[in-house]
Amino acid sequence: MAIEDDVCVIGGGLAGMTAALRAAREGARVRLLSHKKSTLRHASGLIDILGYADGELVAEPFDALASLPESHPYRRVGSDAVRAGLSLFDDVTGDAYRGSHTDANALVATHGGTVKPTARYPTRVAPGLASQSRRTLLVGFDSLTAFDAPLAADHLAAAGVPGTTRGVTVAFPGDFRADSRVTRFARALDDDEPVETASGPTPVRRALARAVEPHLGDVERVGFPAILGEEESQEVRKALESSLGVDVFEVPMGPPSLLGLGLEALFQEALDSAGVRRTTGNPVVDFDADGERVRSVSTDRNGRQVPFHADEFVLATGGLVGKGIDSNRERVVEPIFDCHVPHPDDRYEWFTDEAFGDHPFARFGVNVDDDLRPLDADGKVEYDNLRAVGGVLGGADFAAEKSGSGISLATGHAAGRAAGAAANQR
Amino acid sequence: MSDAPTHDADEFEPVDVFETTEMDLRPGADDCYKCSTCDTSCPVAEVDDEFPGPKFQGPEQWRLKRKEGHGIDDSITSCSNCMRCDDACPSSVPLSQMHNTARGEYVEDQRFGREALSALADGSPREALSIVREGQDGLVERLRNRILANYHTSAWLASYAPGVANFVMNFGPARWAMEKTMGVTSEREFPEFADHTFREWWTARGGARVENPDKRIAYFHGCYSNFNTPEVGKAMVRVYENFGYEILVPPQKCSGTPMFANGMLGDARRHAETNVKNLAAAIENGADVVASCTSCSMALGQEYPELFDLDGIEDVAAHTYEGVEYLRLHEDLEDALDEASVEGSEFAYHAPCHARNQGLDTQAVELFSDLDGVDIEDVGDSCSGISGTYGWKEEKYDYSMEIGAEMFEHMEGADGETGMTECPTCAMQMEHGTGYEIRHPLELLDEALVDRSQ
């Protein structure tokens with residue numbers, strides 16, 4: 001009868017995929033339900049543990065974990081879980097990522113010209129670390145308005161990064177639409193498509209190098225927006241490095257993000273080889289419980305409900321942006337299980353007046369016990385076999401702390417292991 | 001604070017402040033925050049640099065056309081209605097609904113043949129003739145699209161003399177003429193018409209052989225399994241009867257999929273009226289609706305309630321399932337397959353876009369991976385490229401093959417030399433690109449579960 005698994009994970013972002021992978025490695029039969037394509041394609045592809053605490057830049061994130069408030073998700077799972085989550089990440093990403101050699105945060109320049117403290121970064125980003133004192137040229141394209149290289153360079157200089165940083169805007173060689181998609185450029189570079197230039201048809205990688213050459217001067221490295229290939233990014237970057245004679249790196253971009261897409265692909269590969277069953281396309285909207293335990297959850301498409309049964313469930317639906325937490329004019333809710341979300345009754349106390357102030361809403365999410373099980377208003381476990389991970393958890397301001405992916409990895413790992421082990425015992 | 005969809009029936013709807021009787025998609029347009037994820041998921045935009053992509057076709061075009069003097073941009077005719085953008089949008093913008101309505105409006109607004117008529121009025125009949133011949137004013141294109149969209153009608157005619165139809169439809173000179181006069185590509189082989197239709201077979205066997213008031217389904221066979229691949233419909237009947245289901249086969253017309261894709265909403269609505277009336281009656285009679293084609297189940301389950309307001313339409317949507325999906329939900333299919341086995345078969349499986357959008361893209365591989373004697377491999381998440389009528393248009397044929405190239409490559413890389421998919425036109429494209437024989441998952445279930453000796 002119906003569809004049955006040992007562990008059912010709801011949500012296909014970093015937290016959900018980590019939980020599913022970890023549970024599968026425990027030997028459980030796992031299903032991952034997600035509504036849409038993974039939100040990783042909106043993510044920068046950077047993996048941060050803790051970039052800021054109390055507004056101060058954090059150099060050694062592991063040292064700072066103990067100073068976080070008791071209610072913070074990191075305090076629930078402990079620093080060992082953070083390390084275990086990162087090690088699972090390193091295992092999944094292999095050569096595609098750097099940063100595992102040290103506990104210290106690296107500083108990565110973003111497309112806005114800010115510097116992000118982060119724990120793991122794509123190999124294609126690595127030569128651009130802002131902590132290295134090197135003469136840097138940022139290159140933007142006039143058809144790609146999301147990256148203004150001269151402005152980003154000015155911001156970086158003002159932020160006091162070591163070395164000098166200049167920015168220049170050039171035309172991307174060839175006759176592309178004025179509003180071409182990033183994937184279009186990436187594909188052209190992947191295939192090294194010939195493009196029309198003043199000196200006749202030229203392979204696009206060489207044509208791109210030629211467009212940048214006049215601006216090189218004495219720089220030691222050149223940064224491009226992260227569009228240098230989707231499948232063949234390594235080859236594209238190497239080709240540009242050998243034409244230009246300097247290191248080439250990429251700057252993480254906003255959505256749709258090729259670095260995020262690349263990370264999504266690595267995780268999906270790992271999920272497939274671990275035998276995780278993925279079902280995507282419809283939102284989970286309902287559940288069926290038997291006293292203390294969740295028996296099934298149901299997806300919905302235009303009124304057609306499809307139940308998925310399991311022994312253990314992991315809620316990984318994200319926060320306010322990911323729709324794992326929602327609000328109306330009266331209250332803040334967790335829409336699937338209606339788990340308790342602590343918040344002030346008066347909605348004018350949900351926020352502060354300053355746009356970048358310390359907003360209470362940023363910390364809204366479900367409260368959990370040490371086993372990551374959501375708690376009701378009285379502090380009692382909502383369901384014995386339901387755990388919550390990632391953005392749906394309360395107590396952390398991911399955006400201000402730069403802690404989103406670290407929390408996803410740590411809690412995903414802890415819940416996946418616990419759910420897998422619990423399912424094995426049944 | 002939340003970006004969850006605002007178009008919830010219970011919530012405040014900004015659209016209510018406007019007095020309008022037309023379909024108003026403003027709340028959907030407002031949900032778009034221009035992340036462009038839809039554009040990077042669009043298989044047409046990937047190969048056709050002129051196509052501005054789903055974000056433009058949906059929310060941006062919706063805003064533009066509010067301004068006077070802005071009609072629907074003709075690039076809407078390049079959208080193949082694969083509906084992948086729906087699946088990609090993190091904000092639940094009803095993109096395919098916007099595209100369907102825009103396409104409908106575009107087709108409605110065009111005064112086809114206008115250029116030719118004005119040349120005639122100017123006293124230049126020769127010029128008028130050449131305009132028509134070269135298809136400059138859309139008259140020919142519209143006629144062609146209408147014929148392609150109404151496959152139901154051509155197939156019905158052909159079913160009276162399938163042998164003749166098969167010969168004529170693939171007769172070289174005839175195909176050359178069809179390409180030159182109507183823009184139907186001569187590169188493709190027309191699907192063969194079976195020597196009998198599914199309905200003829202159903203009537204000849206005396207209809208349902210199982211009666212069961214507690215387990216009843218209404219089979220929506222669609223045009224293709226009726227006229228071209230009745231073996232899929234027969235497999236469906238045998239598998240369901242094997243599980244003790246009483247099968248109803250209500251009178252039905254085309255699901256409307258090719259009509260939506262060509263902006264012919266008027267035609268689609270007429271067909272939908274018949275389908276909804278008969279299927280709603282079957283539901284009333286205790287049945288759920290089951291389709292073997294994923295585009296048919298997509299039409300009944302999503303496009304109908306998005307586009308038409310008919311009695312019972314929501315009910316039909318909520319009761320419609322795909323053939324294998326329904327069995328998985330109501331029977332212990334996994335156990336049944338666990339005990340079964342087939343003679344060694346290797347399949348290269350392709351998930352149709354319309355299966356993907358219903359969350360069914362992994363089900364066949366999941367189910368059959370434990371069936372003894374079967375090796376099944378997913379050939380990846382690319383679109384097959386044919387998208388119903390899209391790949392039949394002369395001007396789209398090369399794009400269609402370019403989109404499909406990744407799938408062909410993966411199919412040839414897979415161990416199996418038989419293809420598998422739920423969608424008839426994907427099957428056509430798979431066969432066209434690789435020469436493989438293509439089967440439907442229901443046929444494999446039939447082979448594994450039904451004892452044919454009885």
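Up top is the structure.
We now turn to the structure provided with this report. (Residues numbered from 1 in each chain as written. Chains lettered and ligands numbered in written order. Predicted model: local features only at pLDDT ≥ 70, side-chain atom pairs only at ≥ 80, totals over all residues. Heavy atoms only, no water.)

## A short note on the overall build of chain B
Step number 1: Scanning chain B from terminus to terminus reveals 26 helices and eight strands.
Step number 2: The C-alpha radius of gyration of chain B comes to 23 Å, within 12% of the 22 Å expected for a compact globule of 454 residues.
Step number 3: Principal-axis analysis of the C-alpha atoms places the extent of chain B at approximately 75 × 60 × 45 Å.
Step number 4: Relative to its 454 residues, chain B shows a buried fraction of 61%.
Step number 5: Partitioning the contacts of chain B with sequence separation of at least 6, the portion at a separation of at least 24 is 75%.
Step number 6: Carbon together with sulfur atoms contributes 47% to the accessible area of chain B, which is approximately 19200 Å² in total.
Step number 7: Treating the 36 positive side-chain charges of chain B as one cloud and the 86 negative ones as another, the clouds have centres 9 Å apart. (Helix = DSSP H or I, 4+ residues; strand = E, 2+ residues; numbered from the N terminus. Rg over C-alpha atoms; globule rule 2.2 N^0.38 Å. Buried < 20%, exposed > 50% of the residue type's maximum accessible area, 1.4 Å probe, protein only. Contact = heavy atoms within 4.5 Å. Areas by Shrake-Rupley, 256 points an atom, 1.4 Å probe, with all protein chains shown as cover. Lys, Arg positive; Asp, Glu negative; His and termini not counted. Charge placed at Lys NZ, Arg CZ, Asp CG, Glu CD.)

## Topic: the overall build of chain A
Step number 1: Each helix and strand in chain A was counted, giving eleven helices and 21 strands.
Step number 2: Relative to a compact globule of 426 residues, whose C-alpha radius of gyration would be 22 Å, chain A shows 23 Å and is just as compact.
Step number 3: Principal-axis analysis of the C-alpha atoms gives chain A an extent of 75 × 45 × 40 Å.
Step number 4: Out of the 426 residues in chain A, the part that is buried amounts to 56%.
Step number 5: For chain A, contacts bridging at least 24 residues in sequence account for 65% of all contacts bridging at least 6.
Step number 6: Just so you have it, chain A exposes about 17000 Å², and 47% of that area is on carbon and sulfur atoms.
Step number 7: Each charge class in chain A can be summarised by its mean position, and for the 44 positive and 64 negative side chains these summaries are 4 Å apart.

## Description of the packing of aromatic side chains
When we look at a pair of aromatic rings, we describe it by the centre distance and by the angle of the planes.
Residues and elements named next belong to chain B.
Step number 1: According to the stated counting rule, one finds 27 aromatic pairs over all chains in the structure shown.
Step number 2: Between the aromatic rings of Y151 and Y224, the centroid separation amounts to 6.5 Å while the plane-to-plane angle is 25°, which identifies the pairing as stacked. One end of the pair, Y151, is in helix 10 (residues 151–158); the other, Y224, is in helix 14 (residues 222–227), with 73 residues separating them in the sequence. There is no split in this pair, since Y151 and Y224 are both buried.
Step number 3: Taken together, a centroid distance of 5.2 Å and an interplanar angle of 65° make the contact between Y321 and Y326 edge-to-face. (Phe/Tyr/Trp six-rings, centres within 6.5 Å; stacked < 30°, edge-to-face > 60°.)

## Thoughts on the sheet that holds strand 6 (residues 372–378) of chain B
Adjacent strands of a sheet pair through backbone hydrogen bonds, lying either parallel or antiparallel.
Residues and elements named next belong to chain B.
Step number 1: Taken together, four strands build an open sheet; the order of strands is 6-5-7-8 and the sheet is parallel. Each edge of the open sheet is held by one strand with a lone partner, namely strand 6 and strand 8 (437–439). Put simply, the sheet's adjacent strands are angled 40° from each other on average, direction ignored.
Step number 2: Pairing between strand 5 (residues 341–349) and strand 6: six bridges, direction parallel. When the sheet's bridge partners are listed, A348 is paired in strand 6 with E377. (Pairing = 2+ DSSP bridges. Axes fitted to C-alpha atoms, helices over the stretch in contact; angles between N-to-C directions.)

## Side note on the pairing of strand 16 (residues 284–290) of chain A
Residues and elements named next belong to chain A.
Step number 1: Pairing geometry for strand 16 and strand 17 (residues 293–301), over six bridges, is antiparallel. In the sheet register, F287 faces strand 17, and the bridge partner there is V297.
Step number 2: Hairpin connection, strand 16 to strand 17: the antiparallel pair is bridged by two residues, and G291 has positive phi, about 65°.

## Quick look at the sheet that holds strand 2 (residues 246–248) of chain B
Residue and element names in this part refer to chain B.
Step number 1: In spatial order, the strands read 2-1-3-4; together these four strands make up an open sheet with parallel pairing. This sheet does not close on itself; its edge strands, each paired only once, are strand 2 and strand 4 (320–322). Across the sheet, the mean angle from the axis of one strand to that of its neighbour is 35°, orientation sign disregarded.
Step number 2: Here strand 1 (residues 216–220) pairs with strand 3 (residues 288–291) via four bridges, running parallel. Bridge assignment links A218 to a residue of strand 3, and that residue is V289.
Step number 3: The sheet contacts of helix 15 (residues 230–242) involve strand 1, strand 2, strand 3 and strand 4, and relative to strand 1 the element is tilted by about 175°.
Step number 4: Of the strands in this sheet, strand 1, strand 3 and strand 4 touch helix 20 (residues 323–330), which is tilted by about 100° from strand 4.

## Digging into empty space enclosed by the protein
Regions of empty space are outlined by a rolling probe, equal in size to a water molecule, passed over the atoms.
Step number 1: By the definition in use, this model includes seven cavities of 30 Å³ or more.
Step number 2: One number sums up the size of the largest cavity: a volume of about 160 Å³.
Step number 3: Lining the largest cavity are 21 residues; nearest its centre among them are T279, V306 and F308 of chain A together with G359 and L360 of chain B.
Step number 4: Split by residue class, the lining of the largest cavity holds six nonpolar, ten polar and five charged.
Step number 5: The volume enclosed by the second largest cavity comes to roughly 110 Å³.
Step number 6: Along the walls of the second largest cavity sit 16 residues, with C42, C79, C82, M83 and C85 of chain B positioned nearest its centre.
Step number 7: Of all the secondary-structure elements, those providing two or more residues to the lining of the second largest cavity are helix 2 (37–41), helix 3 (43–47), helix 5 (84–88) and helix 6 (95–109) of chain B.
Step number 8: Tallied by class, residues from the lining of the second largest cavity come to ten nonpolar, five polar and one charged. (1 Å grid on protein atoms, 1.4 Å probe; cavity = no way out; pocket = protein on both sides within 12 Å on 5 of 7 lines; lining within 4 Å. Points joined across faces, edges and corners; volume = space filled by probe spheres on them. Nonpolar A, V, L, I, M, F, W, Y, C, P; charged D, E, K, R; others polar.)

## Points about the interface of chain B and chain A
Step number 1: Across the boundary between the two partners, chain B contributes 49 residues, which contact 37 residues of chain A.
Step number 2: With both chains or domains summed, chain B and chain A bury close to 3700 Å², and 45% of this area falls on carbon and sulfur atoms.
Step number 3: There are seven salt bridges connecting chain B and chain A.
Step number 4: A salt bridge links R277 of chain A to D370 of chain B, with the shortest nitrogen-to-oxygen separation between them at 4.0 Å.
Step number 5: Between chain B and chain A we count 19 residue pairs in polar contact (both at pLDDT 80 or more) in total.
Step number 6: Among the elements of the structure, helix 2, helix 3, helix 5, helix 18 (294–307), helix 19 (313–318), strand 4 and helix 20 of chain B are those that each provide at least two residues to the side of chain B that touches chain A.
Step number 7: Residue composition of the side of chain B that touches chain A, grouped by class: 17 nonpolar, 15 polar and 17 charged. (Buried area = accessible area lost by both parts, 1.4 Å probe. Salt bridge = Lys/Arg side-chain N within 4 Å of Asp/Glu carboxyl O. Polar contact = N/O pair within 3.5 Å; in protein donor to acceptor, adjacent residues only side chain to side chain.)

## Here's the deal with the nonpolar core
Soluble globular proteins tend to pack their nonpolar side chains together in the buried interior.
Step number 1: Ranked by internal contacts, the top residues of the largest apolar core, which has 118 residues, are F267 and V297 of chain A together with F368 and L445 of chain B.
Step number 2: The greatest single-element share of this core, amounting to eight residues, is contributed by helix 1 (residues 14–25) of chain A.
Step number 3: The contact partners of F267 of chain A, leaving out residues within four places of it in the chain, are L14, M17, T18, L21, L88, F89, V92 and L409 of chain A.
Step number 4: If you look at the next biggest cluster of nonpolar residues, it comprises 54 residues, including F141, A153, L240 and L244 of chain A. (Core = buried A, V, L, I, M, F, W, Y, C linked by side-chain atoms within 4.5 Å.)

## So, helix 11 (residues 404–425) of chain A
Step number 1: The terminal C-alpha atoms of helix 11 of chain A, which comprises 22 residues, lie 31 Å apart, in line with the 32 Å expected from a rise of 1.5 Å per residue.
Step number 2: A large share of helix 11 of chain A lies buried, amounting to 16 of its 22 residues. (Expected span 1.5 Å × (residues − 1).)

## Describing the environment of L307 of chain B
Step number 1: The topology assignment puts L307 of chain B in helix 18.
Step number 2: For L307 of chain B, the contacting residues outside a window of four places in its chain are M23, Q97, N100, T101, F260 and L265 of chain B.

## Brief notes about the packing of helix 4 (residues 79–93) of chain A against helix 11 of chain A
All names here are of chain A.
Step number 1: With their axes 8 Å apart at the nearest point, helix 4 and helix 11 run at an angle of 95° to one another. The pairing of helix 4 with helix 11 is recorded here as roughly perpendicular in orientation. Along its contact with helix 4, which presents A81, V82, A84, G85, L86, L88 and F89, the element helix 11 presents L409, A410 and H413.
Step number 2: Classifying every residue of the contact of helix 4 with helix 11 by side-chain character gives eight nonpolar, two polar and no charged. (Parallel < 35°, antiparallel > 145°, perpendicular 65-115°, else oblique.)

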